[in-house]
Amino acid sequence: METKNIMIVGVGGQGTLLTSRILGGITTMAGYEVKLSEVHGMAQRGGSVVTFVRFGDEVCEPIVEEGQADILIAFERLEALRYAHFLKKDGVLIVNDRRIDPITVLTGMADYPENIIEDLSKKYKVIAVDAQDVAVKLGNAKVFNTVIIGVAAKHMDFAKEDWIRVIENTVPPKTVEMNKAAFEAGYAI
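The paragraphs below set out a description of the structure included in this document.

Some details on the pattern of salt bridges
Should the charged atoms of two oppositely charged side chains come close, the side chains can pair. This model, assessed by the stated rule, comprises 13 salt bridges. A salt bridge links K88 to E2, with the nearest nitrogen and oxygen atoms 3.6 Å apart. Of this pair, K88 sits in strand β5 (residues 87–96) while E2 sits in the segment before β1 (4–11), and the two are 86 residues apart along the sequence. For the salt bridge of E177 with K180, the shortest nitrogen-to-oxygen distance reads 3.4 Å. Here E177 pairs with K180, and both are found in helix α8 (residues 176–187), just three residues apart, close to one helical turn. One continuous salt-bridge network, built from bridges that share partners, spans E2, D70 and K88.

This is the structure in structure tokens:
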């Protein structure tokens, strides 16, 4: 199998690392070689966090090059805009339709761009979902990333049951049922 490239981008504290561990788990379970790489930019202060997941028969390096991502998962609109150029021409951009103002916007040094999803949709295949809202309706806003994983799972060739098994083995034990519900909600979108 040719190497597949996934990028997860978000803001510190949104669960990008847990998401990459779940993606790494599903690809390992399928028997692929997997490489993960994380880039933190002031993550604890709300800065960008980028995680790369590469898998295939043989993976030489962990970093995804520009224009090479098969799937880009963005936990926030501006992060989607910031990293969209990493997508392949036929790649899929899955966006949590949420706004989190960066420090430059909060301090008045910059404006938050308008119409991000609409503008990205002109150039890329975009799936926008308000995963935060779905998670809140389930009773726990923190599981929005697992909602997004459910959406992404529909664009990957792994069995639904395997995703659930990996989630059960990866998330904290007391959150298993909530995360499974979040995955199912995302998968149904």
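On we go from here.
So, the packing of aromatic side chains
Think of a pair of aromatic rings as described by two things: how far the centres are apart, and how the planes are tilted against each other in angle. Counted by the stated rule, this structure contains eight aromatic pairs. Ring geometry for F55 against F158: centres 5.9 Å apart, planes inclined by 50°, an arrangement best described as tilted. Taken together, the positions of F55 in strand β3 (residues 48–56) and F158 in the loop between α6 (144–153) and α7 (160–170) put the pair 103 residues apart, joining distant regions of the chain. The exposure class assigned to F158 is buried, which follows from its relative accessible area of 13%. A ring pair is formed by Y83 and F86, whose centres lie 6.1 Å apart and whose planes are at 45°; its orientation type is tilted. In this pair, the class of Y83 matches that of F86, namely buried. Aromatic rings pair up to connect Y32, F55, F158, W163, F183 and Y187 into one cluster. For the cation-ring pair, K154 lies above Y187, with the distance from its terminal atom to the ring centre recorded as 4.8 Å.

Each value, and the rule that gives it
- Residues numbered from 1 in each chain as written.
- Predicted model: local features only at pLDDT ≥ 70, side-chain atom pairs only at ≥ 80, totals over all residues.
- Heavy atoms only, no water.
- Salt bridge = Lys/Arg side-chain N within 4 Å of Asp/Glu carboxyl O.
- Helix = DSSP H or I, 4+ residues; strand = E, 2+ residues; numbered from the N terminus.
- Phe/Tyr/Trp six-rings, centres within 6.5 Å; stacked < 30°, edge-to-face > 60°.
- Buried < 20%, exposed > 50% of the residue type's maximum accessible area, 1.4 Å probe, protein only.
- Lys NZ or Arg CZ within 6 Å of the ring centre and 35° of its normal.

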